[in-house]
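Okay, here's what each chain looks like letter by letter:
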Amino acid sequence: MKNILKPFIITFLLVIFFSPECSGLNRRRRIFNFNQRDELSARIISDANNDVVDNEVGDGQWQRVVERGFDDPKNDYAWSMASFKGRLYVGTLNSLWGAEIWSSANGAPGTWDRVYKSFFFSNSGIRYLYADGDTALYAGTFSKRGAEILRTTNGSAWTSVTNRGFGDRTNDTIRCMVRFGEYLYAGAGHNGAEVYRSKDGLTWELVDVNPKFTSTKVLDPVTDTLTTNNIMIGELAVFNNQLYAFTWTTDLGIMNQKFRNTIRNTIAPQAFNEVSGPEFFARTPGAFEVWRSSNGVEWEKVVGQDDAYGNGMGFSLHDEENMANDVVTSVAVYKGHLYLGPQNANGRTALWRTADGTQWEKNLDFWKMGELFNFYIWRMIPFRGKLYIGTFNMLASPIPGISGGQIWVTESGEPGTFYKIVSHGFDGETISWMSEAIRIPKNYGIRSFAVHNNQLFAGTATIFSIPVPRFNGSQIGITIAGKDVGCEIWKMIGP
Ligand SMILES: [Ca+2]
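Residues numbered from 1 in each chain as written. Predicted model: local features only at pLDDT ≥ 70, side-chain atom pairs only at ≥ 80, totals over all residues.

(A) Quick peek at unusual backbone geometry. For the bond running from Asn 210 to Pro 211, omega is -5°, close enough to zero to count as cis. Structurally, Pro 211 can be placed in the loop between strand E15 (205–206) and strand E16 (217–220). Non-glycine residue Asn 240 carries a positive phi angle of around 50°. If you trace the backbone, Asn 240 turns up in the loop between strand E18 (230–239) and strand E19 (242–249). C-beta crowding within 10 Å serves as the criterion here: with 13 such atoms nearby, Asn 240 is assigned to the partly exposed category. (Helix = DSSP H or I, 4+ residues; strand = E, 2+ residues; numbered from the N terminus. Buried ≥ 20, exposed ≤ 12 C-beta atoms within 10 Å, placed from the backbone.)

Shown next as structure tokens:
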């Protein structure tokens, strides 16, 4: 029993320490439900080169146009994507050697050029790309030295237009940007949520918001202390002439006491005791909030008002029945509604929408549909009248092909209308991780979307290229995780 579980437990420990969203402070800890399995019914059909796959409903195909991280497996994530002045741009996460931006006129294989390369240890990744019309293309970076905004007007010459972290080097991420009125807004944070704005894209200022996003204090009943709930603005959207900000909260703990006890007592008490010590899982009380503003300065909280735990649609850590929705990972405006997709570390991820900003409806519940491992709704994009939804889906498993990023579609957004067109990370490929016995999906998430030349492109996320132990029988060495794989770009081709 112990020997069978050991690789899995070790995998689990490493996975939780290296969050796929890499927010730095926020190590996301996750647990998987061992009792239930992902469906294995997905149909994956590949051609001989494994470069084209039919989607599951048989009415379309996807073609891989970039593989192995633009032939550099250290490009682990296609972290961001945007169309600008007739070219498609992809920003990567490259933790080891620095962020890159690649560009192509039509996205076809072999047409991609690198247009930006970060200095080693400068920017680890390009976490957001935003085209402000044809005026300029902006890149929001992730850097432990302090994030910055890069700007280009021609796609090749990039200029930094901010100080590191806007002068506060703990600001390690700029994950969202949007034009609202005469200003461009950028969300930032690390220890406290902030927005910055600029009229000309060159000079940025901290917005003196009222009330402060950090004014929400949540009570941790275990320690009986108040903590700042909103540590970052993770998403921004303009909806019905208002600017919406979606917060991230600390998420050191992913499971409530009840779930933790269930895991410990019923699944692997022996194994967990062996590796965990007295208190393995940290706690966090809060869940995400949604704020909105008519002028960017005066704000009102529309999700989380008067809620002791921030809310997150009621999925706070201390909600006995549910798990924390700690952060909002994606948003979209589609057919008269504002949509948000969260991370739910217990796999109880659901899509929510609102017509007025205050009344929210859960219109897609992955957990109830038996999709237990869509931990994030990672990206959304409207395209040709439909809404496309990409997920992070990862279950480390000895069974190959069991999971990987998915894409779901709706033609109306109404509950019950969603169907899956991609699963298992497009091609079902898995990689070994630390041991031949452990397989993880190669494309574990759909991290970026863009519409370019009236075609839909999707970028994938693969495991971080970081040094990890390598177990070979009784021998232990060191290897680079995913050293042979990198992010991929897929293009949807006609039915
Ligand atoms: Ca890699």
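(B) Geometry of the environment of Ile 407. When you line up the elements, Ile 407 lands in strand E28 (residues 407–410). When the C-alpha atoms of Ile 407 and Gly 390 are compared, they prove to be 4.5 Å apart, with 17 residues separating the residues in sequence. With residues near it in sequence (within four places) discarded, Ile 407 still touches Tyr 388, Ile 389, Gly 390, Ile 421, Val 422, Ile 446 and Ala 458. (Contact = placed C-beta atoms within 7 Å.)

(C) View of the nonpolar core. Counting 113 residues, the largest nonpolar core has Met 177 and Leu 236 as its most contacted members. Setting aside residues no more than four positions away along its own chain, Leu 236 makes contact with Cys 176, Met 177, Val 178, Tyr 185, Gly 187, Leu 243, Tyr 244 and Ala 245. (Core = buried A, V, L, I, M, F, W, Y, C linked by C-beta atoms within 7 Å.)

(D) Highlighting the sheet that holds strand E14 (residues 194–198). Strand order in the open sheet formed by four strands is E12-E13-E14-E15, with antiparallel pairing between adjacent strands. Looking at strand neighbours, the two that pair on one side only are strand E12 (176–180) and E15, the edges of this open sheet. Of the strand pairs in this sheet, E12 and strand E13 (residues 183–188) are connected by five bridges, and their pairing is antiparallel. Of the residues in E13, the one forming a bridge with Cys 176 is Gly 187. (Pairing = 2+ DSSP bridges.)

(E) The environment of Ala 458, seen in detail. Tracing the sequence through the fold places Ala 458 in strand E33 (residues 455–461). Ala 458 sits 34 residues away from Met 492 along the chain, and the two C-alpha atoms are 8.2 Å apart. Excluding residues within four positions of it along the chain, Ala 458 makes contact with Gly 390, Ile 407, Ile 446, Phe 449 and Trp 490.

(F) Spotlight on the environment of Asn 163. Topologically, Asn 163 is positioned in the loop between strand E11 (159–160) and E12. For Asn 163, a count of 13 C-beta atoms within 10 Å gives the class partly exposed. Measuring from C-alpha to C-alpha, the distance between Asn 163 and Ala 147 comes to 8.3 Å, with 16 residues separating the pair along the chain.

None of the figures reported here should be taken as evidence of function without further support.
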